[in-house]
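Take a look at the letters that make up each chain.
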Amino acid sequence: MNAIFTDASFQNMVNVANRYGISSNAVTDLTHALMLNNGTMAQFNISELGGGGQWMQGGMTMVGDMFNNNLKALVDGICVDLSNLINQGAIQYKPLPRIQNQNGFQSNSGNWWGDLGSPNSTGSQNGMSYAIFSNIHRLAIQQNGKVTVFDTLDHNIGGVGQQQGGNYSVTFTSQYGTVNLDSLPIVSGNGNTQNKPQEVIHNNTSVPTQPQYVQEPMAVEPVQEVSHTANGLEEDVFGKIEKLAGLKGKGILTENEFETKKAELLSRL
């Protein structure tokens, strides 16, 4: 995604760079990684920050030099500040320029999802394309040349894939597990303007029922986004490596024993 930050956003990022004494390019690259996950995590490879690393909201910070606590504190401080700015709306992408097509309609240049703005993430599988807009709770799906926009309700979407059966051969993963696209209300497209969940009556008050979630796993190709399961596995592996590093520092493990076990754990990712 060739997204460009607004001028005000870039100035806020420059302020963070000056505060921590690193280049604005490094902060920009780190911000792009955070924007893909709504400011909650980032996977990066930035030379100024020790090469490859990962940060997760809540305290987990991994850097290439795992014994460099000063570097860990630097990465954590930068990510926390940037995450707060993203959540406050102080860092945003510029909307794509609008053009007029041959039918007289205006739309954003270079996309298929219309006027929804810049997505948090996009992808495609077997003729199906999707774009996730977490800030406005929208999911756009393009299949067979038709674009349908769904209201994602309270779902934090981590990935989109395909399955067989149902009105839509698409499912997505969220904090509720694997969910069928049929459970989401349609905002626009596919000949429908709204597809509300069924309602029940409680004390003379109409209350929407919760969608029925499909828990069976998807037999699809891996999606681009990092799933919650993958995050948990990585956190577990990195946590074990840190424990091994502590044992090595105490002289309980030799250098060869530590490297062998570390390689074994990393092979699980």
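Residues numbered from 1 in each chain as written. Predicted model: local features only at pLDDT ≥ 70, side-chain atom pairs only at ≥ 80, totals over all residues. Heavy atoms only, no water.

Once that is clear, we can look at the sheet that holds strand β1 (residues 41-46). With respect to topology, 3 strands assemble into an open sheet ordered β1-β2-β3, the strand pairing being antiparallel. In this open sheet, the two strands that pair with only one neighbour each are β1 and β3 (60-63). The mean inter-strand angle of the sheet, taken between neighbouring strand axes irrespective of direction, is 5°. As defined by bridge partners, strand β2 (residues 51-56) adjoins β3 across 4 bridges and the pair is classed as antiparallel. Paired with methionine 56 across the bridge in β3 is methionine 60. Contacting β1 and β2, helix α2 (residues 24-35) crosses the sheet at an angle of about 145° to β1. (Pairing = 2+ DSSP bridges. Helix = DSSP H or I, 4+ residues; strand = E, 2+ residues; numbered from the N terminus. Axes fitted to C-alpha atoms, helices over the stretch in contact; angles between N-to-C directions. Contact = heavy atoms within 4.5 Å.)

When pLDDT is averaged across the chain, the result is 75; 71% of the residues are at 70 or more. Highest mean pLDDT in the chain belongs to helix α1 (residues 7-20) (94); lowest belongs to strand β14 (residues 199-202) (40). Note on residues 99-109: pLDDT under 50 across the span, and 20 contacts to partners over four residues away in sequence or across chains. (pLDDT = per-residue confidence, 0-100.)

In this section: the pattern of salt bridges. Enumeration according to the criterion identifies 5 salt bridges in this entry. Linking arginine 138 and aspartate 151 is a salt bridge whose minimum nitrogen-to-oxygen distance equals 3.5 Å. Taken together, the positions of arginine 138 in strand β8 (residues 138-143) and aspartate 151 in strand β9 (residues 146-151) put the pair 13 residues apart, joining distant regions of the chain. Residue aspartate 151 is classed as partly exposed on the basis of its relative accessible area of 21%. The partner of lysine 261 in a salt bridge is glutamate 264, with the nearest N and O atoms 3.4 Å apart. A residue pair is termed a helical-turn pair when its members lie 3 or 4 positions apart in one helix, as lysine 261 and glutamate 264 do in helix α5 (residues 255-266) at 3 residues. Residue lysine 261 is classed as partly exposed on the basis of its relative accessible area, which comes to 31%. (Salt bridge = Lys/Arg side-chain N within 4 Å of Asp/Glu carboxyl O. Buried < 20%, exposed > 50% of the residue type's maximum accessible area, 1.4 Å probe, protein only.)

A separate point is the pairing of β2. Among the 6 residues that make up β2, 5 are buried, leaving the element largely enclosed by the rest of the structure. Hairpin connection between β1 and β2: a loop of 4 residues separates the two successive antiparallel strands, and glycine 50 in this loop has a positive phi of roughly 85°.

For helix α3 (residues 69-87), which comprises 19 residues, the first-to-last C-alpha distance of 27 Å matches the rise-based estimate of 27 Å (1.5 Å per residue) to within 8%. Leu71, Lys72, Val75, Gly77, Ile78, Cys79, Leu82, Ser83, Leu85 and Ile86 are the residues of α3 that are buried. Where α3 begins, the side chain of asparagine 68 points an oxygen toward the backbone nitrogen of asparagine 70, at a separation of 3.3 Å. The first or second residue beyond α3 is glycine 89, which carries a positive phi of 80°. (Expected span 1.5 Å × (residues − 1). Polar contact = N/O pair within 3.5 Å; in protein donor to acceptor, adjacent residues only side chain to side chain.)

Another point: the side chain of threonine 61. Mapped onto the elements of the fold, threonine 61 is located in strand β3. If we skip the residues at most four places from it in the chain, threonine 61 touches Gln54, Trp55, Lys72, Val75, Asp76 and Glu242.

Within the secondary structure layout, glycine 52 lies in strand β2. For glycine 52, a relative accessible area of 37% corresponds to the partly exposed category. Discounting residues that sit within four places of it in the chain, glycine 52 has contacts with Phe44, Asn45, Val63 and Gly64.

A few words on the pairing of strand β12 (residues 177-180). Summarising the sheet, strand β11 (residues 170-174) and β12 pair through 4 bridges and their orientation is antiparallel. Note on β12: the bridge partner recorded for threonine 173 is threonine 178. Connecting β11 to the antiparallel partner β12 that follows it, the hairpin turn spans 2 residues.

Here the focus is the nonpolar core. Proteins that are soluble and globular tend to have nonpolar side chains buried together. The biggest cluster of nonpolar side chains holds 26 residues, and the ones touching the most others in it are Leu30, Leu49, Val75, Ile78, Leu82 and Ile91. Of all the elements in the fold, those that place two or more residues in this core are α1, α2, β1 and α3. Top contributing element to this core by residue count: α3, with 7 residues. Contacts of leucine 30, omitting those with residues within four sequence positions, involve Ala42, Phe44, Ile46, Leu49, Ile78, Cys79 and Leu82. The next biggest cluster of nonpolar side chains, apart from the first, holds 14 residues, and it includes Ile141, Val170, Phe172 and Ile186. (Core = buried A, V, L, I, M, F, W, Y, C linked by side-chain atoms within 4.5 Å.)

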